[in-house]
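As a plain string of letters, each chain reads:
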Amino acid sequence: MPEIKATPVVSRKSLTLFDTAMIGPAIVDAFKKLTPRAQWRSPVMFVVYVGSIITTLLFIQSLIGQGEANSGFIAAISIWLWFTVLFANFAESLAEGRSKAQAASLRALKQTVLAKKLATPKHGTTWLPASPADLRKGDTVLVEAGDVIPVDGEVIEGVASVDESAITGESAPVIRESGGDFSSVTGGTRVLSDWLVVRIAVNPGEAFIDRMIAMVEGAKRQKTPNEIALTILLVALTIIFLIVTVTLLPFSLYSVQVAGAGTPITITVLIALLVCLIPTTIGGLLSAIGVAGMSRMMQANVIATSGRAVEAAGDVDVLLLDKTGTITLGNRQASEFYPAPGITQIQLADVAQLASLADETPEGRSIVILAKQQYNIRERDIAALNAHFVHFSAQTRMSGVDMGERVIRKGAADTVKKHIELLGRSFLIEVSNTVDDISRRGSTPLVVVDDGRVMGVVELKDIVKGGIKERFAELRRMGIKTVMITGDNKLTAAAIAAEAGVDDFLAEATPEQKLKLIREYQSQGRLVAMTGDGTNDAPALAQADVAVAMNSGTQAAKEAGNMVDLDSNPTKLLEIVEIGKQMLMTRGSLTTFSIANDVAKYFAIIPAAFVTTYPQLKALDIMQLSSPSSAIMSAVIFNALIIVVLIPLALKGVKYRAVGAAALLRRNMLIYGLGGILVPFVGIKLIDMILTVFGLI
Ligand SMILES: Nc1ncnc2c1ncn2[C@@H]1O[C@H](COP(=O)(O)OP(=O)(O)OP(=O)(O)O)[C@@H](O)[C@H]1O
Ligand SMILES: [K+]
Ligand SMILES: [Mg+2]
């Protein structure tokens, strides 16, 4: 057979906020964005862009003929308007630079190793080398120790340990196996031991990594509903100020000609006035805020496939989590056989094993293993048994085998109870007690029946993931209600719910009931987040506003969600909510700041701009700036520099605190509203003084 060499798996490296290596390219990129097409994306900045062009033309006119004002002044205004545009471009480029670096490191994961394509989907059959680009959905490949998994897929045979550090950054290997909720594998990860037969789940270009790359690269292209609403507000403000400014010109001309006032206002000054009044601070930083939000999600090891979901995360008020695999480790293992009165442990183990021979779930496999370990019950030849196997489903919550007339089942206590009641039998009190005891420990009881006769109960042990309780308490402080939903029985659910510290739980839930619960919350106007890993969670994930699938979960769960947590950490939602809230708050704060800024600029520019036309306006000149042209220059320079000053805030986001929304709003209004009014007074005065001291004006 041909030899296939494994290439080293590249790890995703994390990026700091201002990598100096990214500043140079961002500056170059800022100049590249000086095209009308790129500028048109932000209507506010487009107005500044047009203003820069007009003042440039006015400057050229002043050089070759009769200018409307001193050419030095026009040049200075023009240069600072160009800077304003460039600074906004730079903010966006810097944010994109981080995304691009993230996308590039993802692309490095796309391996070009050859896959071992199987002709028949069975281990031990022959394979031929195939390029990943030639693999189609439904093809099967063999992946052995040392091999890199070529494309996303589902394990259909085998158990192996897999190194997923390239995707998750987590160095501990994970187990991937057929059946159950741990069967999905991601392209670019590497099998460490044993082998897997994998059925390819995606066509070329549709793989998980491809979607991740598209997401980080396309972050600025898709505007979210929130962003669109804000853009409309900014455009409306821009239009109002445009109309106000444009009507000032004929007004000024009229005053001069008819009423005999001083000299008319110049177009250069009008453009400066307009640019200072329109919300350039938020207009220039809006795109960067969105791109940086997506980037922060990546940094948290969360892949969001929609910007809308990231925003919705900021407003979530209910979080639904499934139990097994999300709150618990999910690797439920049979730990003990509890026979019914009159039955021996060996008899129970024997029947339980028969019912599990073809059960590919981790639960089923663990029963076969326990029976072998404890009683040395050998696996029987399935073919010789003439048996028909009944596979587990989340709806029936049972599995088993029919051998001729003999019906063997194992499953959740309530469903098995119904099953035997149909046969006119009932549970013995001892069995019910055992079921309750196991449940109270937080374990899952599986009741085993042989032809209507209860043989006993198998205990499946599961472990609650570490550190969960503290994190749920934090969610509560944020005002988010946590609800655990599980297919397991009420007692087990109650035990795990108490251990994990969730606010509420729903037990014995079918996939339909999970879905129904989400719809109920949504109809009360709540925004619902759901975290799940299993195929039975997929409908609920598809319905939730923010749907986080565990990376360890099934392909179906990942397809249905709008986010994937690469670390498979159920409390990751905490960070997701924080990032969402931070993004919404950053936008809100900078919008407030941007609009509040106008007050100071109004007092700086209006008296200066019109003092030649209306000397009475001198009364408004509370800032006492050195000259009208210095006042206008200072305002324009401040307006440009404030964008640069606020870039770190736009990229990092305003600090989030787990306090109520009203308190947060009050605090932000105080800082960014009041600050927005006061800061420019100081800033403009300072710039005016510098210009004057150095004789620059
Ligand atoms: N292989 C199996 N054979 C028979 N019954 C099973 C098997 N696996 C699980 N069960 C029973 O079916 C119930 C429901 O399982 P399901 O996988 O739908 O939900 P769950 O994983 O327990 O909960 P969650 O929704 O939190 O993941 C389990 O609680 C258990 O009692
Ligand atoms: K402005
Ligand atoms: Mg599950």
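Above this text is the structure in question.
Now for a quick tour of the structure. Model, not experiment: these values are computed from the prediction.

What to know about the overall build of the chain
Here is step 1 of the chain: Each helix and strand in the chain was counted, giving 23 helices and 21 strands.
Here is step 2 of the chain: Taking 697 residues into account, the globule formula puts the C-alpha radius of gyration at 26 Å, and the chain, at 33 Å, lies well above it.
Here is step 3 of the chain: In terms of its C-alpha atoms, the chain occupies a principal-axis envelope of roughly 115 × 60 × 35 Å.
Here is step 4 of the chain: With 697 residues in all, the chain has 55% of them scored as buried.
Here is step 5 of the chain: Taking all contacts inside the chain whose residues are at least 6 apart in sequence as the whole, residues at least 24 apart take part in 72%.
Here is step 6 of the chain: Entry remark: accessible area of the chain is about 29100 Å², with carbon and sulfur atoms responsible for 61%.
Here is step 7 of the chain: Here the chain contributes 65 positively and 65 negatively charged side chains, and the mean placements of these two sets differ by 5 Å.

A word on the packing of aromatic side chains
Here is step 1 of the chain: What the rule picks out here adds up to six aromatic pairs.
Here is step 2 of the chain: Ring geometry for tryptophan 40 against phenylalanine 46: centres 4.8 Å apart, planes inclined by 85 degrees, an arrangement best described as edge-to-face.
Here is step 3 of the chain: Taken together, a centroid distance of 6.3 Å and an interplanar angle of 45 degrees make the contact between phenylalanine 337 and tyrosine 375 tilted. On the criterion of sequence distance, the pair formed by phenylalanine 337 in strand 11 (residues 333-339) and tyrosine 375 in helix 13 (residues 362-375) is long-range, its members being 38 residues apart.
Here is step 4 of the chain: When its relative accessible area of 21% is taken as the criterion, tyrosine 375 is described as partly exposed.
Here is step 5 of the chain: Ring pairs connect the aromatic residues Trp40, Phe46, Tyr49 and Trp82, which therefore count as one cluster.

Description of the packing of helix 15 (residues 429-440) against helix 17 (residues 490-500)
Here is step 1 of the chain: Direction vectors running N to C along helix 15 and helix 17 enclose 20 degrees, while the axes themselves pass 7 Å from each other. What the angle tells us is that helix 15 and helix 17 run roughly parallel. In this structure, the crossing between helix 15 and helix 17 has a hand that is right-handed. On helix 17, the residues that touch Asp436, Ser439 and Arg440 of helix 15 are Leu491, Thr492 and Ala495.
Here is step 2 of the chain: Across the contact of helix 15 with helix 17, the residue classes break down as two nonpolar, two polar and two charged.

Describing the site of ligand 1
Here is step 1 of the chain: By nearness alone, 23 residues border ligand 1, and Asp322, Lys323, Asp359, Ser399 and Lys514 come closest of all.
Here is step 2 of the chain: For ligand 1, an oxygen atom lies 2.6 Å from a polar atom in the backbone of lysine 323.
Here is step 3 of the chain: Interatomic distance of 2.7 Å between a side-chain N/O atom of serine 399 and a nitrogen atom of ligand 1.
Here is step 4 of the chain: More than half of the atoms belonging to ligand 1 lie within 2 Å of the grid points that define the largest pocket.
Here is step 5 of the chain: Residue assignment for the shell around ligand 1 shows that the elements contributing at least two residues are helix 11 (323-327), strand 13 (398-403), strand 14 (406-411) and strand 15 (444-450).
Here is step 6 of the chain: Of the residues contributing to the shell around ligand 1, the split by class is six nonpolar, eight polar and nine charged.
Here is step 7 of the chain: Taken domain by domain, the shell around ligand 1 gets at least three of its residues from each of domain 3 (315-327 + 465-566) and domain 4 (332-463).

Considerations on empty space enclosed by the protein
Here is step 1 of the chain: The tally for this structure, following the rule as stated, stands at two cavities of 30 Å³ or more.
Here is step 2 of the chain: The space that makes up the second largest cavity amounts to roughly 30 Å³.
Here is step 3 of the chain: Taken together, Ala355, Ala358, Asp359, Phe389, Val390, His391, Phe392, Ser399 and Gly400 make up the lining of the second largest cavity.
Here is step 4 of the chain: Contributions of two or more residues to the lining of the second largest cavity are made by strand 12 (387-390) and strand 13.
Here is step 5 of the chain: Split by residue class, the lining of the second largest cavity holds five nonpolar, three polar and one charged.

The rules behind these values
Residues numbered from 1 in each chain as written. Chains lettered and ligands numbered in written order. Predicted model: local features only at pLDDT ≥ 70, side-chain atom pairs only at ≥ 80, totals over all residues. Heavy atoms only, no water. Helix = DSSP H or I, 4+ residues; strand = E, 2+ residues; numbered from the N terminus. Rg over C-alpha atoms; globule rule 2.2 N^0.38 Å. Buried < 20%, exposed > 50% of the residue type's maximum accessible area, 1.4 Å probe, protein only. Contact = heavy atoms within 4.5 Å. Areas by Shrake-Rupley, 256 points an atom, 1.4 Å probe, with all protein chains shown as cover. Lys, Arg positive; Asp, Glu negative; His and termini not counted. Charge placed at Lys NZ, Arg CZ, Asp CG, Glu CD. Phe/Tyr/Trp six-rings, centres within 6.5 Å; stacked < 30°, edge-to-face > 60°. Axes fitted to C-alpha atoms, helices over the stretch in contact; angles between N-to-C directions. Parallel < 35°, antiparallel > 145°, perpendicular 65-115°, else oblique. Left-handed = near helix turned anticlockwise from the far one by under 90°. Nonpolar A, V, L, I, M, F, W, Y, C, P; charged D, E, K, R; others polar. Near = heavy atom within 4 Å. Polar contact = N/O pair within 3.5 Å; in protein donor to acceptor, adjacent residues only side chain to side chain. 1 Å grid on protein atoms, 1.4 Å probe; cavity = no way out; pocket = protein on both sides within 12 Å on 5 of 7 lines; lining within 4 Å. Sits in = over half its atoms within 2 Å of the grid points. Domains from an automatic or database assignment. Points joined across faces, edges and corners; volume = space filled by probe spheres on them.

Just distances and angles here, no functional claims.
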